Amino acid sequence: MVTVDYRPNYEYAQRVPVAVIGGGDHYVDLLLPCLRYLPLDLVALADADRRRGMQVARMFGAQRFYPDAETLLGREEMRAVILSLPALADGSLPYPEIASAALAAGVHAWVDAPTASTASDITKQYTDGAIRGRSYLMGGYRRSFMPGYEALRTALAQSAIKPSAYSLWAALPVPPTLPGVIDQAGDLPTLLMHPLAVLVDTFGEAKSAEWSWHADRRGITVMLGYPSGLVGTLQLTCTAASTAPQEELMVQVGDDVWRVSQGLTLTQPHGQHMPDAGSASQTALPTQGGAGALAATGYLGSLGHFGTSVLEAKPVARLNVLHLLQMMTLQDTLRAKQERQWVSL
């Protein structure tokens, strides 16, 4: 079992040499600070903005700086790479080509979300690179590593009763890169991947699905069926870009309903409230500042799972290539517009 206890980086007896390829405030504020609490040594950093990248490299103690991903991958010797990049000018993702090159060179890759655009990104680039380099890929869908969802995973694993149904409602702000009027055939399935990652990581692979569009509410409802008999409902609506995301997961376990609010807290029956609970193997974290604040974002847990998997030479167990393929297959099926029909996935 892969575990991590979020000690200061210097307290780990062994650490993984890792490079970061990215740019912008996102990785400065959320991703790079996580490395201070994980067994990851930042040996190199690449950023297309040379001035900013060199400043960030100094700030976080990177040993070397490169102006582009190709130069870094060609010159550095590292065991893992973390990618967090903006979309290209045409809206496409830059990850498949860069990550597949790293994977083929034997470098394990953590790729920020959205990790892929279609299932073919997984089958034709990521999988091919991973097989050639005998390396592992992890998608950076962080939500399922937030404290409430981690507590739910632990509670479900310890429960003698299996869940029979769940309902996840998510209201997500529309990114500025998307048009003012959501294209139901294109953009909604893309937004759906973030809450879907929580469901795949928590409940496993769905084998059938039915969905319907709600143009007036700019939303989608998806029904998911599982081999165990579990039935799930995912409701996604889009809000103004300035609003905060809202998320509520309710799980039917026997006669009781367990609730995860905003990914941060798990409330079980009889008023039992479990804030900031992680897996049984994790130490308690402070709720304010430092590792505690980063854990609440989910990035610390996601990068921790990736880093310790690499350190222990074990396959990435969560949000790996197979999980990403399941998510992308559903996305591609939704884009086929087969509305209100049960289909096998």
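Model, not experiment: these values are computed from the prediction.

**Quick notes on the environment of Gly53**
One can find Gly53 in helix α2 (residues 50–59). Each C-alpha atom of the pair Gly53 and Gly24 lies 9.0 Å from the other, and the pair is 29 residues apart in sequence. In this structure Gly53 touches Leu45, Asp47 and Phe65, once residues within four positions along its chain are discounted.

**Focus on unusual backbone geometry**
Note the cis peptide between Ala113 and Pro114, where omega equals -5°. Within the fold, Pro114 resides in the loop between β5 (108–112) and α5 (119–133). Positive phi, normally seen in glycine, also occurs at Gln262, with a value near 55°. The topology assignment puts Gln262 in the loop between β12 (256–261) and β13 (265–267). Assessed through its relative accessible area of 32%, Gln262 is described here as partly exposed.

**Observations regarding the packing of aromatic side chains**
For the structure shown, the criterion picks out three aromatic pairs. Seen in terms of ring centroids, Tyr166 and Phe203 are 4.4 Å apart; in terms of plane orientation they differ by 5°. Their pairing is stacked. Here the residue Tyr166 occupies a position in strand β7 (residues 163–173), and Phe203 occupies one in helix α7 (residues 187–203), the gap between them amounting to 37 residues. Taking relative accessible area as the criterion, Tyr166 reaches 4% and is therefore assigned buried. Three or more aromatic residues joined by ring pairs make a cluster, and in this case those are Tyr166, Phe203 and Tyr226. The cationic tip of Arg7 hangs over the ring face of Tyr12; the distance from NZ or CZ to the ring centre is 4.2 Å. Between Arg318 and the ring centre of Phe145, over which it is positioned, the NZ or CZ distance is 4.0 Å.

**Structural notes on the sheet that holds strand β1 (residues 16–22)**
Read from one edge to the other, the open sheet built from six strands follows the order β3-β2-β1-β4-β5-β6, with strand pairing classed as parallel. Of all the strands in the sheet, the pair left with one neighbour each is β3 (64–66) and β6 (137–140). Ignoring which end each strand starts from, the neighbouring axes of this sheet average 25° apart. Sheet topology places β5 next to β6; four bridges connect them, and they run parallel. Directly across from Ala109, in β6, lies its bridge partner Leu137.

**Some thoughts on empty space enclosed by the protein**
One pass over the full model with this rule turns up one cavity of 30 Å³ or more. The space that makes up the largest cavity amounts to roughly 30 Å³. Along its surface, the largest cavity is lined by Val20, Tyr27, Leu31, Leu32, Leu35, Ile82 and Leu303. For the lining of the largest cavity, a count of residues per class yields seven nonpolar, no polar and no charged.

**Comments concerning helix α6 (residues 147–158)**
Relative to the 16 Å expected for twelve residues at 1.5 Å per residue, α6 spans 17 Å between its end C-alpha atoms, a close match to the ideal helical length. Burial analysis of α6 places nine of its twelve residues in the buried class, the great majority of the element. Three or more residues of α6 are buried, namely Pro147, Gly148, Tyr149, Glu150, Ala151, Leu152, Thr154, Ala155 and Leu156.

**Comments concerning the side chain of Ser302**
One can find Ser302 in helix α9 (residues 299–311). Judged by relative accessible area, Ser302 falls into the buried class, the value being 0%.

**Quick notes on the pattern of salt bridges**
Summed over all chains, the structure comprises twelve salt bridges. For Asp47, the salt bridge identified is with Arg52, shortest N-O distance 2.9 Å. In this structure Asp47 comes out as buried when scored by relative accessible area, which is 2%. For Arg52, a relative accessible area of 30% puts it in the partly exposed group. The partner of Arg153 in a salt bridge is Asp201, with the nearest N and O atoms 3.6 Å apart. Of this pair, Arg153 sits in helix α6 while Asp201 sits in helix α7, and the two are 48 residues apart along the sequence. Arg153 sits in the partly exposed class, given a relative accessible area of 27%. A residue is classified by how much of its surface remains accessible, and Asp201, at 8% relative accessible area, is buried.

Thresholds, definitions, all that
- Residues numbered from 1 in each chain as written.
- Predicted model: local features only at pLDDT ≥ 70, side-chain atom pairs only at ≥ 80, totals over all residues.
- Heavy atoms only, no water.
- Helix = DSSP H or I, 4+ residues; strand = E, 2+ residues; numbered from the N terminus.
- Contact = heavy atoms within 4.5 Å.
- Buried < 20%, exposed > 50% of the residue type's maximum accessible area, 1.4 Å probe, protein only.
- Phe/Tyr/Trp six-rings, centres within 6.5 Å; stacked < 30°, edge-to-face > 60°.
- Lys NZ or Arg CZ within 6 Å of the ring centre and 35° of its normal.
- Pairing = 2+ DSSP bridges.
- Axes fitted to C-alpha atoms, helices over the stretch in contact; angles between N-to-C directions.
- 1 Å grid on protein atoms, 1.4 Å probe; cavity = no way out; pocket = protein on both sides within 12 Å on 5 of 7 lines; lining within 4 Å.
- Points joined across faces, edges and corners; volume = space filled by probe spheres on them.
- Nonpolar A, V, L, I, M, F, W, Y, C, P; charged D, E, K, R; others polar.
- Expected span 1.5 Å × (residues − 1).
- Salt bridge = Lys/Arg side-chain N within 4 Å of Asp/Glu carboxyl O.

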